[in-house]
Amino acid sequence: MLAQVLRKDVSYCRRMRYLLHLPPRRERSARWPLILFLHGSGERGDDLNLVKKHGLPKVLASQPEFPFVVVAPQCSPDSYWHYELETLDVLLNDVLEAYPVDSRRLYLTGLSMGGYGTWAMAIRYPDRFAAIAPVCGGGVPFTTERIRHLPVWAFHGAQDDVVPVRESQDMVDALNHLYGGNAKLTIYPDAKHDSWTETYANPQLYDWFLSQHQNRR
């Protein structure tokens, strides 16, 4: 059951509720990598069970030994992630103070509204994360100059009729071709808006995350 691996908790900045997964503690001296996961618009509200419907929290239901700390906050029903970036930053600070997390291995991902939030959070805090993986999101292409140093792996469905694939393509193209960035884009030719199921089921994503370590600029 997901309830066995995720715990409800509360951040003191706007009281943002979140799910928290902690991996098995095999070595007392070990410090864990962390993934911040941002859900889509349909999971907003005050019921944390909604956050378990899609993406990484759903994967954790069958992987209790998932080797990352996972923080999955819930956006309020009348808000969007790009309004909550400072709150998310405070939440991360709270988790880093409370648990043995490796601050050089912080990763960020999200789907749909959370994909937009992933781009926005990374651009607001360009030195916070070691790598990001936005799924069927987008943003303002010229702002990607701030993350030209950051490894990015974006995902999108070619048949997406909610968020056009061009949203991801424009961000990746601007990052790479205008600013010499380090971004790649996986497009699923037959996928519609749900490009997240295949993405979060892919172990190569987590191997890629673990291969990225932040170099302080």
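Participant: Which residues make up the packing of helix H3 (residues 113-124) against helix H4 (residues 166-178), and what values go with them?
Facilitator: Two measures define how a pair of helices packs: the angle their axes make with one another and the distance between the axes. H4 packs onto H3 with a crossing angle of 25 degrees between their chain directions and a minimal axis gap of 11 Å. By the angle between their axes, H3 is roughly parallel relative to H4. When the axes of H3 and H4 are compared, the crossing they make is left-handed. Contacts from Tyr116, Trp119 and Ile123 in H3 reach Glu167, Met171, Val172 and Leu175 in H4. Split by residue class, the contact of H3 with H4 holds six nonpolar, no polar and one charged.

Participant: Break down the nonpolar core for me, citing the residues and quoting the values.
Facilitator: Nonpolar side chains in soluble globular proteins generally cluster together in the buried interior. If you look at the biggest cluster of nonpolar residues, it comprises 36 residues, and the most contacted ones within it are Leu34, Val71, Trp119 and Ile132. If you list the elements that add at least two residues to this core, you get strand S2 (17-21), strand S3 (32-38), strand S4 (69-73), helix H2 (85-98), strand S5 (101-111), H3, strand S7 (151-157) and H4. If we skip the residues at most four places from it in the chain, Trp119 touches Ile132, Pro134, Gly137, Gly138, Thr144, Ile147, Val152, Ala154, Met171, Val172 and Leu175. Judged by nonpolar contacts, the second largest core, of 29 residues, contains Leu48, Val51, Ala133 and Tyr188.

Participant: Please provide a residue-by-residue account of H3, values included.
Facilitator: Over its 12 residues, H3 runs 16 Å from end to end, which matches the ideal 16 Å to within 8%, given 1.5 Å per residue. Of all 12 residues in H3, nine are buried; the element is thus mostly enclosed. Residues of H3 that are buried include every one of Met113, Gly114, Gly115, Gly117, Thr118, Trp119, Met121, Ala122 and Ile123, and no others. Packing partners of the buried residues in H3 comprise S3, H2, S5, strand S6 (131-135), S7 and H4.

Participant: Describe helix H6 (residues 203-210), listing the residues and the values that go with them.
Facilitator: Every buried residue belonging to H6 is among Leu205, Tyr206, Trp208 and Phe209, and all of these are buried. With its buried residues spanning 155 degrees around the axis, H6 presents them on a single face. The exposed residues of H6 that point more than 90 degrees off its buried face are Pro203, Gln204 and Asp207. Its side-chain oxygen at 2.9 Å from the backbone nitrogen of Gln204, Asn202 defines the N-terminal cap of H6.

Participant: A description of the environment of Trp119 should follow, citing residues and the corresponding values.
Facilitator: Assignment of secondary structure puts Trp119 in helix H3. Sequence spacing of Trp119 and Leu50 is 69 residues, and the spatial spacing of their C-alpha atoms is 22 Å.

What counts and what doesn't
- Residues numbered from 1 in each chain as written.
- Predicted model: local features only at pLDDT ≥ 70, side-chain atom pairs only at ≥ 80, totals over all residues.
- Heavy atoms only, no water.
- Axes fitted to C-alpha atoms, helices over the stretch in contact; angles between N-to-C directions.
- Helix = DSSP H or I, 4+ residues; strand = E, 2+ residues; numbered from the N terminus.
- Parallel < 35°, antiparallel > 145°, perpendicular 65-115°, else oblique.
- Left-handed = near helix turned anticlockwise from the far one by under 90°.
- Contact = heavy atoms within 4.5 Å.
- Nonpolar A, V, L, I, M, F, W, Y, C, P; charged D, E, K, R; others polar.
- Core = buried A, V, L, I, M, F, W, Y, C linked by side-chain atoms within 4.5 Å.
- Buried < 20%, exposed > 50% of the residue type's maximum accessible area, 1.4 Å probe, protein only.
- Expected span 1.5 Å × (residues − 1).
- Arc of directions from axis to C-beta.
- Polar contact = N/O pair within 3.5 Å; in protein donor to acceptor, adjacent residues only side chain to side chain.

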